[in-house]
Each structure stands twice: as structure tokens, then as C-alpha cells.
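# Structural description and commentary
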Amino acid sequence: MNGRRLWAIVVKELRQLRRDRITLAMVVGIPVIQLVLFGYAINTNLRGLDAGIVDQANTAGSRALVMDMLATGVVAPVAQADTPQELMAMIRRGQVGIGIVVPPDFERRRIDGRAVAQILVDGSDTAVQAAAAQLMQVPIDSAAPDMRAPATSTPVGGRISMVAFYNPQRRSAVNIVPGLIGVILTMTMVLFTAIAIVRERERGNMELLIATPLTSSELMIGKVLPYVAIGLVQTSVILALGTWLFAVPILGSVLDVYLASGLLILANLALGLLISTRAQSQFQAMQMTFFVFLPSILLSGFMFPFAGMPKLVQWLAEVLPLTHFLRLIRGVMLRGAGLWEMWLDVLALAVFTLAMMALAILRFRKRLD
Amino acid sequence: MNAGAEGVAIRARGLTRRFGKLVAVDHVDLDVPARRVYGFLGPNGSGKSTTIRMLCGLLTPSEGEIEVLGLKIPAQADELRSHIGYMTQKFSLFEDLGVRENLEFLAAIQGVPKTKTKRRVDELIEQYHFGDRQRQLAGTLSGGQKQRLALACAVLHEPQLLFLDEPTSAVDPESRRDFWEKLFELADAGTTLLVSTHLMDEAERCHRLAILDRGALVADGTPRELTAQLEGRTFTVETDDPRAAQRALAGVAGVLGVAQVGNILRVLTDADGATPDMDKALATTGHQAALTATPPNLEDVFVAATRRDAERAA
């Protein structure tokens, strides 16, 4: 081991690094941004879950019960419904994760000592299911509240029943496998196209191509199409394994599953292309891909419940294609929802794809300067 | 498409390109006649590639006007692309595609009609001697074979104008000779070729050439015209100690360049000549030295042109 030679390598590496601006930015950027973001965002103690409420009794007592449940902070009311059926449709669409149903005979049930309310939970997210259980602990007075002094009240637990739909056994595979389709597609698809243009630039193919009548759109769209097929093959493999090995149900239509996957594939390929027009080397393209991949996994709701994140981070996560895909795929596979019921997420993915594709085509110049 | 007025394929006036502070190409005027092999001679970094890239519309000039095949560049660059072939300095075909696959791919990209593609590709494979290696991956070809394949791909769509950027820099002399045969065949068939090179023997083969030095056009003409200007100004010196003779001659006023070629020195003087002074200088070395006049070659032209330019700059 020669100290001078060793030092020469160290100095050379540092010099090269200094000239690679993006890598340098990543050296500082990855830890700072990701740590701050995830430190605040990842919160396994769920609060403020979107809830829908049906209060068919609409008495002072039933309103007080609902207020008590809201006071726990576990749920936040986002929708009112008239019937439990309406509430279940909201859950299927993914509009709310939890439903609170107070039946018309609430007062009688309260006096009889029967269950006075029911909580409907979207069991396709096991974390939501666990959080909802807290609502069952809200105390119920057996008599009308104005009849007795608060100090002598004897709250009784277990008077609120809970029904978990879609994954009552809380099997985590059921929750994870559909999401895994999205994670795997995000990881592979972005990288495929992120490298596509840079590689040709590095190998010198690009100078040849731009001197031909080939247009930017032809090049960009042509680079995307073959990978759509590859992505759909990947989707099929995961679906097949998920069904055979983990008995993950596909309650909705298989066509919808493929349509949703196709949308995510296109969104990711378009994002990859945009990265590709920006990156100077394949290494930089991989770094940028990773920079997008990590938040996708952590913020989309795949690993940690979306509902548990601060509003600001939720808005940020709305930009990630995986967030929308997760809602779609869980809706279709686990809750039997149709894609059209979640059209907002379909639209988000389509808009994202078009925007990224347009940016990539605009950014790509058929010039060397 | 017409090749502009008076059979001129390329016309450029005041062509300039700056990269930051560096002036890579400095007010170059060019007239490239159609159906000829036109050479761009110059050392590395003299602006040959930058000029070619501007002419085919890949780089936007900082200043100046370009007309190629009657089209204004860069404004009409898209229209131009189907009429030109461009062979880049670095091998730019797909190394992980086979010979035939590369040709078929470019045929589609260049818009060769589907019905004609197979015939055209077969024809090129035959002409460019790839009959026995149609399936071989381009990345595994030798330097000369790669060059041939690149040329075949550049002429696939039978362009009117071919830009070749240092096409034979990585090729042995044998392959280079074959390659130039192909270029002349193309010129005979009516193609205009613009070839950049830093090799004198290649420059000599061109019908006409321009010499570039540090971004400026320093000489322009047929090889014969260019060498004729130096008639009477080139000499050889035969001596036992060429190194000493070279040192002695370098100090003589009027001597523009002294280069050692084996045991012989090649001397270039300015227009006034300096024979008596040179004889005197050689005598001081204490060795026998014979000074003889010799016909000028392109290297002399190059030295004379770049030297004059350097003096003007100084």
C-alpha cells in the first residue's frame, strides 16, 4: 500500500465529484430532504382519519355520542350520509375509511344495553382497522345524560360494534400485494426510461438519431411503448403469485386492474423520460430515480397510512403517481370498486402522464446546443 | 431539391460559433461545389466538427448565414435532414444490434419506402462486404468494418449530401484506401461529400479543400492550387546530424518551418527565399549538409497557412 498513490485516488475522486453537480446536490439533498420529509410524515399513530357519519336517530344523545367519537381525534368528519348503504358505497369508492352508523332506535338500545352504534371500517388498510378499534372505547351512558349527575356516571364499554369490510382477518398480504404491484412498477419503469435517452447520448447514438428526420415525439413515445408491455407482464406475474401464494382476492374486474396498472406504467415511464432528458449520465439518472422512488414508497400510503400524514405531506404525496394507483388498485382488488367510481385518481394519473410526456418532449431538443 | 445556384451544395458566410468565451469557429466563409469530395483539413480543436454540426443543423450558429442544398439553416434544418447523411466522428450505430438490424432500423427512420428497404439493405450488405456477417453485432466489428457499416448506414437513403467527420481516424491504411474508393464512387454517382480530416494524405485525395486553424479558414482551393502557391519555397536537407541542422535552420530569418522526416529535414521558407542564409547556417553545424529544392506538398501548405495566421495573431 503506497500512501501517495492511495491519496492520489482520493483526490481524484473528490475532484470528479466536485464537477458532478447533481451528485453533489444528492450528497446533501438526499439526507436533508428525505429525513425532514419522512421524519414528519411517518406517523404510525393515526389521527384524523376520514370518516362518514350516518345519524339516523338524530337525538341529543346520538349527537353527543358522535361528538365524543370525534373528540378522540381519531376520525375527522368529511361526509354525511342518510343510510348505511350510502356510507358503504363511500367506503368502497375510498372516499372515507371509516363510517359511523347510529341506528334510528338509538335511545331504546341505549336503555336496553344493546349495541348503540356501529363502526364500519375499510379493512383493506390494516392500520386504519387498528385505529378504528379505539372508537369502540367511547363510554356510553345507559340513561339520558340530563337525568344523572356526570360524576356518578358508569360508562360501559363494548356497546359499540365494529364491522371490518374487505379484509376482516387483517391479513397483511391482502393489504400489501396490490400495493406491491405499484411499488415494483414504480421501481422498474422509471428506471427503464430514465436511462433510455442518457444511454444513447453516452454511447453517441443520439448524435446520429437527431441528424435524421426522426421527431422528438416519435423518439419519446417509441421509447415508452415497449416498456408498457413489459410492465403489464410484470403486473401479471405479481397478480398470479399474489393469487396463488397469498390468496389475495380480486373482487373487482381484472380489466380494471390492468387499466389501473397501465395508467401507472405510463405515468412512471413518462417521468423516467423527463429524468432522462435532464440527467447527464446513467449514474445521475439512477440517482434521480432513487430520489423519486423513496418518497413514493414512504408517502404514497404503501408503507404507512396516508391518513396519518400531515396535510402538507399529503398534498405532496398527491403528486406521486403511486399514491393514486394505490387507491385505485386497493379499491378494485380489495373493495370491488369500479375504476369509474374513483375517476379523480384516474384523472390524476392521466394528467400526470400527459404533463410529464409533454415536458420531456419539449425539453428534448433535436440540437446539440 | 435543387443544389442551389451554380452547383453549389453548401454556402456559408461569416459562420461563427462561440462556446462561452471560446470562439470555436470564427467568421468562416465556405462554398462547397456539388458532386465533389470537399475536404476540411485541420488539427484537433480547429473547429471542423463544430462547423459540420452547424452545417447539418445540429448546432445553432452564434452568427452567420448558411445555405445547404438551397435550404436556410438552421431554420429549415428539419427539411434538410432527409437529404443528408451524417457519419459522426465517434461510432454512433447501435453496438448491441446486428449489421442487418442497424441497416433496417435506419432505413425505417430515414423513411426508405418499405417495399424498397429489403432490396436496398441487401444491396448495401453486398457492396460493403457484409455478406458473411449480417447477424454479427456491430459492437464486435473491427475498426475498419465499423467504418464501412457507418458509411453504409449514412448512404442508406441515398442522400444528396454526405457529412463525414474524421471518418477514417481509427482505421488501418488498407481499409482507408477501400473507404476512399467508396467515397469517389459516391461522388461519381452525384453525391456531394464533405470530409473532415487531420491526415495530409487524406486531404490530398479531395477534389477541393479548406484548411481550418483555430476556428478560422486559412486556405481554400484544390490541392494543386494550394501547393502551387508554395513553388520554390520548399527544400530538403540531407545531413549526418539532422538535429543540429534543425536547430541551426530554425533561427534563420525567412524559414517558416523545419520538420524532420527520418534522416531528412524538410524546410519551408517564406516567399523571399533564404537559400544563402540557410547554407551559411548549415555550415556552422560542422557537418556535411546538402540543400535541395523539392516540390511542395499539403503539409507545407498547412504549415505555411497556419504560420501566417499565427504571425498575424501575434
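Worth saying up front: this structure is predicted, and the values here are computed from it rather than measured.

As a further point, take the environment of Ala253(B). Here Ala253(B) lies in the loop between α9 (242–250) and β12 (255–261). Sequence separation of Ala253(B) and Met278(B) is 25 residues, and the distance between their C-alpha atoms is 9.0 Å.

This part takes up the sheet that holds strand β6 (residues 84–87) of chain B. Either a parallel or an antiparallel arrangement is found when strands of a sheet pair, and the pairing is made through backbone hydrogen bonds. Residues and elements named next belong to chain B. Read across the open sheet, the six strands follow the order β6-β7-β8-β3-β9-β10; overall the sheet is mixed. Looking at the sheet topology across the chains shown, the edges are occupied by β6 and β10 (216–221). The sheet shows a mean angle of 15° between the axes of neighbouring strands, taken without regard to direction. Relative to strand β8 (residues 192–197), strand β3 (residues 37–41) runs parallel, the two sharing five bridges. Bridging from a neighbouring strand, Tyr38 pairs with Leu194 of β8.

So, about the domain arrangement of chain A. All names here are of chain A. Partitioning chain A into structural domains gives domain 1 (49–165) and domain 2 (171–363). Look at where the C-alpha atoms of domain 1 and domain 2 centre, and you get two points 38 Å apart. If you list the elements that add at least two residues to the side of domain 1 that touches domain 2, you get β1 (49–55), α4 (84–93) and α6 (126–132). With three residues, the top contributor of residues to the side of domain 1 that touches domain 2 is α6. For the side of domain 1 that touches domain 2, the residue count by class is three nonpolar, four polar and five charged.

Further remarks concern the sheet that holds strand β11 (residues 234–239) of chain B. Residue and element names in this part refer to chain B. Pairing is antiparallel in the open sheet, where four strands are placed in the order β12-β13-β11-β14. Strand pairing shows two members of the sheet lacking a second neighbour, β12 and β14 (289–293), which therefore form its edges. Mean inter-strand twist for the sheet, computed between neighbouring axes without regard to direction, equals 25°. Two strands pair when backbone bridges link them, and β11 and strand β13 (residues 264–269) are joined in this way by five bridges, in the antiparallel orientation. Its bridge partner being in β13, Thr236 is matched across the sheet by Arg266. Taken strand by strand, α9 contacts β11, β12, β13 and β14, and its axis lies near 170° from that of β12. Across the sheet, helix α10 (residues 275–283) is in contact with β11, β12, β13 and β14; its angle to β14 comes to roughly 160°.

With that settled, consider the nonpolar core. Core analysis: the largest hydrophobic core is formed by 97 residues, its most contacted members being Leu49(A), Ile98(A), Ile100(A), Val128(A), Leu269(A), Ala270(A) and Ile329(A). It is helix α7 (residues 172–203) of chain A that provides the largest number of residues to this core, a total of 14 residues. When residues of this core are assigned to domains, at least three map to each of domain 1 (49–165) and domain 2 (171–363) of chain A. Once residues lying within four places of it in the same chain are set aside, the contact partners of Ile100(A) are Ala51(A), Ile53(A), Val66(A), Met69(A), Ala117(A) and Ile119(A). Core analysis: the next-biggest nonpolar cluster, separate from the first, contains 93 residues, Leu41(B), Met54(B), Leu141(B) and Ala245(B) among them.

The rules behind each value
- Residues numbered from 1 in each chain as written.
- Chains lettered and ligands numbered in written order.
- Predicted model: local features only at pLDDT ≥ 70, side-chain atom pairs only at ≥ 80, totals over all residues.
- Helix = DSSP H or I, 4+ residues; strand = E, 2+ residues; numbered from the N terminus.
- Pairing = 2+ DSSP bridges.
- Axes fitted to C-alpha atoms, helices over the stretch in contact; angles between N-to-C directions.
- Domains from an automatic or database assignment.
- Nonpolar A, V, L, I, M, F, W, Y, C, P; charged D, E, K, R; others polar.
- Contact = placed C-beta atoms within 7 Å.
- Core = buried A, V, L, I, M, F, W, Y, C linked by C-beta atoms within 7 Å.
- Buried ≥ 20, exposed ≤ 12 C-beta atoms within 10 Å, placed from the backbone.

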